[in-house]
Protein chains: 2
Amino acid sequence: MLNERMIGLGSAPNAIRSLFAYGIKRKAEIGEDKVFDYSIGNPSVPAPQQVTECIKRLMDEDPVALHSYTPSPGMLEARQAVANHIQREFGVAADPAQVYLTHGAAAALAICLSAVACPGDEVIVPTPYFTEYKTWIEQAGAHIVEVPCQVPSFQLDVEAIEAAITPKTAAIIVDSPNNPVGAIYSRENLEALAAALSRKEAEFGTKIYLIADEPYRAITYGDEVPYIPCIYPRTLVCYSFSKTLSLPGERLGYIYVSNLMDNVEETTFAIQGAGRSLGYICCSALFQRVLIECIDLPSDVEAYRVNREILTQGLSKIGYEYVEPQGAFYLWVKALEDDDLAFAQRAKEHELLVCPSSGFGGKGYVRMSYCIARETIENSMPALQELWDSYHQD
Amino acid sequence: MLNERMIGLGSAPNAIRSLFAYGIKRKAEIGEDKVFDYSIGNPSVPAPQQVTECIKRLMDEDPVALHSYTPSPGMLEARQAVANHIQREFGVAADPAQVYLTHGAAAALAICLSAVACPGDEVIVPTPYFTEYKTWIEQAGAHIVEVPCQVPSFQLDVEAIEAAITPKTAAIIVDSPNNPVGAIYSRENLEALAAALSRKEAEFGTKIYLIADEPYRAITYGDEVPYIPCIYPRTLVCYSFSKTLSLPGERLGYIYVSNLMDNVEETTFAIQGAGRSLGYICCSALFQRVLIECIDLPSDVEAYRVNREILTQGLSKIGYEYVEPQGAFYLWVKALEDDDLAFAQRAKEHELLVCPSSGFGGKGYVRMSYCIARETIENSMPALQELWDSYHQD
């Protein structure tokens, strides 16, 4: 008989992807420029020219060698490139043996969770959070334990997290710069978390993994993004080149098992085993070669910075409230009524596609992705004004 | 705590991949031409020139649109291309809604098994079989039930399969042309299987899926490969372009949910849900576009046909016995002692890398992949002779 859980997941796709699909349909109906699609994190900045040139050049190489299977964790040269990059950027000695290339951060998270959690375990997730964490935690047979962040700073509530840790806690997911809020957790905040995790490891005699989901690490507007493996040794970094190299559809990322943890070898085996078990063979051989050449290219954050200015200034002028975004390309905007689903629905009537916070385990907000064309943001202002007015007529 | 099952899978990689990794290392030590690597199914035929040209051309398109996320089951145009291909090749009306693009056949199988099996269910696998079936069946929480094929024809033993079906049987995996044996199941054999499955569905009031693993469908040497959805309606086809377009490292394949089954919509939801749950987002956006253009290119089977002749004639001349291969690029050769592990180990001392049948749930054989350079096969003959002689000295 079919697996009911899978039917459920398939028949009710996640809110972001549903809205994204609606946007494609709606644009076809009324015109690309009439829909203001703030739904998905599809980068609007093109992949660097060097990526395109690299692929063109690779097309002159022997296609047999170019497109053949690579070892499951990736080509040694590509893993070495990642290790070198980590070493250069963060000053920690990284070994390619602890790098496992993945089909983006989604695969990285699913693999990490299946590697470190057993059926019945618990995984702590600060809320609001990226919608699919719950799916992948439950895939591992574990339970999600939601702990709200502090409001309005949206920093981690370490006291509440510590209180939520039990002998069954296998991991905590930390996503900074944060999707959906755009917050960056401060060094002080992360050090307090690390101390709490270590205390609880000692108290219960367990191992608690910190899964650092970092696809937005390079997209920041001035604040420091502390490198978590240097703060808490039992860290698994999940990284993606979707945003920084603007290659979301090519599925390229990695897991880095910090070699500062005491059980690094066993953990690396578990990661490789989980990848195998979930059906992953290797990342695109072509894009592994692109990675070797392009990993150090800087991200083009400028376009997002401009978008952020236009959007936040426009919203402020109308009267909307939001969390000042420190990183990523998401804005966490207060809904104009308590029911964020109803608010997002009313926005839709004004052709504004925004994701309700309920889908992120939050209440009373919506997420706006501003990794879109600048004109779309500018042209959406009248619709945002009308939406505001519709709540302030009486 | 770490998941013990994943540590086990990661610390003992599958036999094929271990031998493949050993081969890379050994070639670096003693020279590429000194190692006769029959271990892995890495196609030796290059991807068609049109694939390379298509990628070059795509590099002139807008990189934002080119590399962005696609819908999870794939771009509509790519799924339509697959549906059209199915319709043209097999004369069955196929709808893109029932096509789900995957990261190759491995992901397709892992997804199908998680979609149709529940914890505690059973999945029947005719032996010998591709080693990873067991991994993905257990990932779904189900149990593998091995049923040996008939010897020496290596056709399905339908009577034994029917006897093995219980109310817990969720699926059977059918792999034709077969890896590792190279057999193709005849129409008569498959019709008998379909009748048995239908009888048991009626008897137990259950739904039994036939998962058709077909990466080698196009690689045949004259025999008919019946299209299973036309024979048994509750069929899920798992296909890969790894072999036919020689793109194994790019991970491109699909699941086709036959729309002849009575629960096609629910099954399609379960497939989409399982993909989501296992961490899959979408296949490479670039290679989806390659697929749209190149799906109808014919496979270059000629090189494999020549290799097959050279290898089988060479082995016959020495005295080896093997199963006459009807398809794929694998030869199932009788080991020269009962213990196939010991035989493969002795072969290794002669720099011959062959996979022992134990890894495929078989006994007393080895698998030789002949999708390798022709010279390697020719040059391996003295080593194969020495190996033979080492068993016939006394």
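As a convention, each chain's residues are numbered from 1 in the sequence order in which they are written. Numbering of ligands from 1 and lettering of chains from A proceed in the order in which they are written. Owing to the predicted nature of the model, reporting of local features is limited to residues with pLDDT of at least 70; listing and counting of side-chain atom pairs is limited to 80 or more, with chain, interface and lining totals taken over all residues. Only heavy atoms go into the side-chain values, all of them from the structure, while hydrogens and water stay out.

Undergrad: Tell me about the interface of chain A and chain B, and please be specific about residues and values.
TA: Taken together, the contacts link 82 residues of chain A with 82 residues of chain B. Here the quantity called buried area is the accessible surface, traced with a 1.4 Å probe, that two parts lose on coming together, added over both. Overall, the association of chain A and chain B removes approximately 6500 Å² of surface from exposure, summing both partners, and the carbon and sulfur fraction of that is 58%. Contact with chain B buries area across many residues of chain A, yet Met1, Tyr69 and Arg276 of chain A alone supply 14% of it, more than any other trio. When a carboxyl oxygen of Asp or Glu lies within 4 Å of a side-chain nitrogen of Lys or Arg, that pair is called a salt bridge. Linking chain A to chain B there are four salt bridges. Ionic pairing is found between Lys56 of chain A and Asp60 of chain B, a salt bridge with its closest N-O pair at 3.2 Å. By definition, residues are in contact when any of their heavy atoms lie within 4.5 Å.

Undergrad: Explain the relation of the copies chain A and chain B residue by residue, including any values.
TA: With an RMSD of 0.0 Å, the fit of chain A onto chain B corresponds to turning through 180° and sliding 0.0 Å along the axis. Here the copies are linked by what is in effect a two-fold axis. Counting the interface residues of chain A, we find that 100% of their copies in chain B are interface residues as well, pointing to one common contact surface. In this comparison the copies share one frame, found by least squares on the C-alpha atoms of residues holding pLDDT of at least 70 in both.

Undergrad: Before we move on, can you summarise the pairing of strand β10 (residues 330–334) of chain B with the specific residues and values?
TA: All names here are of chain B. Relative accessible area decides the class of each residue, using a 1.4 Å probe on protein chains only: under 20% of the type maximum gives buried, over 50% gives exposed, and in between gives partly exposed. Helix numbering and strand numbering both begin at the N terminus, where a helix is a DSSP run of H or I of at least 4 residues and a strand a DSSP run of E of at least 2. Most of β10 is tucked away, with four of its five residues classed as buried. When strand β9 (residues 322–323) meets β10, the two strands line up antiparallel, connected through two bridges. Note on β10: the bridge partner recorded for Val323 is Trp332. One requirement defines pairing of two strands: DSSP has to find at least two bridges between them. Summarising the sheet, β10 and strand β13 (residues 365–369) pair through five bridges and their orientation is antiparallel. Within β13, the residue paired with Val333 across the bridge is Val366.

Undergrad: Before we move on, can you summarise the environment of Glu77 of chain B with the specific residues and values?
TA: All names here are of chain B. Here Glu77 lies in helix α5 (residues 76–90). Residue Glu77 is classed as partly exposed on the basis of its relative accessible area, which comes to 48%. Remark: the alpha-carbon pair of Glu77 and Pro96, spanning 19 residues in sequence, is separated by 8.6 Å.

Undergrad: Talk me through the nonpolar core; I want residue IDs and the actual numbers.
TA: Among the buried residues, those of types Ala, Val, Leu, Ile, Met, Phe, Trp, Tyr and Cys that are joined through side-chain atoms within 4.5 Å form a nonpolar core. Formed by 162 residues in total, the largest nonpolar core has its most connected members in Ile211 of chain A together with Ile211 of chain B. Setting aside residues up to four positions removed in sequence, Ile211 of chain B forms contacts with Leu109, Cys112, Leu113, Val116, Ala171, Ile172, Ile173, Val174, Leu236 and Cys238 of chain B. With 66 residues, the next largest nonpolar core counts Ile55 and Tyr254 of chain A together with Ile55 and Tyr239 of chain B among its residues.

Undergrad: A description of the sheet that holds strand β6 (residues 209–213) of chain A should follow, citing residues and the corresponding values.
TA: Residues and elements named next belong to chain A. The strand order β2-β8-β7-β6-β5-β3-β4 describes an open sheet built from seven strands, whose pairing is mixed. Of all the strands in the sheet, the pair left with one neighbour each is β2 (99–102) and β4 (143–148). Put simply, the sheet's adjacent strands are angled 20° from each other on average, direction ignored. The pairing of strand β5 (residues 169–175) with β6 spans five bridges and is parallel. In the sheet register, Ile172 faces β6, and the bridge partner there is Leu210. With respect to the sheet, helix α5 (residues 76–90) is in contact with β2 and β8 (253–257), its orientation differing from that of β2 by roughly 115°. The axes used here are C-alpha line fits, helices contributing only the stretch in contact, and every angle between their N-to-C directions lies in the interval 0 to 180 degrees.

Undergrad: Outline the side chain of Asn3 of chain A, listing residues and values.
TA: Within the element layout of this structure, Asn3 of chain A appears in the segment before α1 (4–11). Sequence-distant contacts of Asn3 of chain A, defined by excluding residues within four places in its chain, comprise Ser114, Ala115, Ala117 and Cys118 of chain B.

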